[in-house]
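If you want the building blocks of each chain, they are given just below.
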Amino acid sequence: MRDLRKSRGIRKPGAKGPDEMTKLLQVDGLYKSFGGVEAVKGVSFDLEEGELLAMIGPNGAGKSTCFNVINGQLTPDRGSVKILGQDTTGMKPHNICALGVGRTFQVTATFPSMTVLENVQMVFLSARGRLSTVHRTVSRLFVEQAMDLLRVVGVESQWARPCGILAYGDLKRVELAMALANRPRLLLMDEPTAGMGIKERLTLMKLIGKIASERAIGVLFTEHDMDVVFAHADRIIVLNHGVLIAQGSPAEVRDNHEVRRIYLGSYAR
Ligand code: ADP
Ligand code: MG
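Residues numbered from 1 in each chain as written. Chains lettered and ligands numbered in written order. Predicted model: local features only at pLDDT ≥ 70, side-chain atom pairs only at ≥ 80, totals over all residues. Heavy atoms only, no water.

**Regarding the packing of aromatic side chains**
To keep it simple, the criterion reads: Side-chain rings of Phe, Tyr and Trp, where Trp is taken by its six-membered ring, are said to pair if the distance between their centres is within 6.5 Å; with planes under 30 degrees apart they count as stacked, over 60 as edge-to-face, and otherwise as tilted. Each ring is checked for a lysine NZ or an arginine CZ that lies within 6 Å of its centre and within 35 degrees of its normal; such an atom marks a charge sitting over the ring.
For the structure on display, the rule yields 1 aromatic pair. Stacked on the ring of Y31, the Lys or Arg R78 has its end atom at 4.1 Å from the ring centre.

Here is the structure:
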């Protein structure tokens, strides 16, 4: 596998060679059934720091199930998940979150009546056990840190507006800022650009790639829009009926016959 750290200009002081490095995420032989439905069947893959890994596949392929196993919402029937070398299989979501795993949701998860700035401040406050401060007064805490993140995601001009009146694309950016406030090492993004126009999708994904690279965050994301996937993913894994049928660079996946046949259809021509 190519050395992403080198190719994307990421270097960690004292980092070992690519083969010796502890992988950010290692998924090994995952199985998960719901009653008679085998949602995930023997899925294995790795993810490195700074890497943007797209998980694609038709509806019902098992993508969300994989995400929910990785973030601890579901326990797999078989197989293991390791995060930074630690076995997290069966751990509770908040303990996995504490290891530096952030996520964004398909449905936005902001407080609509609070401002953009307050929503991001909330994350800083809750991470440091100071949530009760919010109830007493509009907090002056973490204003600079929160504003810095709003700048990073490009919504700093909206800081004083309630989240409930934001345009959808801006709301997605606020959510990204909220995820970043937890200083994640690994970000799980189930359709981060859902509901956005194509231009905005490409812009947001490019931004996510830049942030991931700069902060050495590994990102696992699902996305229905193949233009977005092929333009911005470093690597792609393809699920079909719960089975991982292909993985590789965008070019490799695009040329894979089975992928073309079952999923990409005319796109890959
Ligand atoms: P994707 O995210 O790729 O669309 P999912 O992981 O949501 O796929 O679903 C995979 C399969 O598992 C589907 O057949 C779905 O109906 C089934 N499934 C997912 N979650 C549940 C659940 N909680 N209970 C029963 N079946 C489920
Ligand atoms: Mg899904």
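**Points about helix α8 (residues 198-215)**
Here is the rule we go by: Going along the chain from the N terminus, every DSSP run of H or I of four or more residues is numbered as a helix, and every run of E of two or more is numbered as a strand. Take the number of residues in a helix, subtract one, and multiply by 1.5 Å to get its expected span. Remark: exposure states derive from per-residue accessible area (1.4 Å probe, protein chains only) relative to the maximum for the residue type, with buried under 20%, exposed over 50%, and partly exposed in between. In what follows, a contact means two residues having at least one pair of non-hydrogen atoms within 4.5 Å.
The end-to-end C-alpha distance of α8, which contains 18 residues, comes to 26 Å, matching closely the 26 Å that a straight helix rising 1.5 Å per residue would cover. Along α8, the positions that sit buried rather than exposed are R201, L204, M205, L207, I208, G209, I211, A212 and S213. Where α8 is buried, its residues contact β3 (52-56), α6 (143-153), α7 (168-181), β7 (186-190), β8 (218-222) and α9 (226-232). Of the residues trailing α8, A216 is marked for its positive phi of about 55°.

**Description of empty space enclosed by the protein**
Stated formally: A cavity, in this analysis, means grid points on a 1 Å lattice covering only the protein atoms where a 1.4 Å probe fits yet has no way out; a pocket is instead an open set bounded by protein on both sides within 12 Å along at least five of seven lines, and a residue lines either one if it has an atom within 4 Å of a point. Grid points are joined across faces, edges and corners, and a volume is the space filled by probe spheres set on the points.
Tallying each qualifying case throughout the model produces 2 cavities of 30 Å³ or more. The space that makes up the largest cavity amounts to roughly 50 Å³. T104, K172, E175, L176, M189, P192, L204 and I208 are the residues that line the largest cavity. Those elements that provide at least two residues to the lining of the largest cavity are α7 and α8.

**A look at the nonpolar core**
To keep things clear, this is the line we draw: Residues grouped as a nonpolar core are buried Ala, Val, Leu, Ile, Met, Phe, Trp, Tyr and Cys residues, joined through side-chain atoms within 4.5 Å.
In this structure, V120, L176, V219 and I236 are the most contacted members of the largest nonpolar core, which totals 49 residues. Here this core gets 8 residues from one element, more than from any other, and that element is α7. The contacts of L176, once residues within four sequence positions are left out, are V153, L187, M189, L204, L207, I208 and I211. Residues L53, M55, C66 and L220 belong to the second largest nonpolar core, which totals 26 residues.

As far as function goes, none of this settles anything; it's purely spatial.
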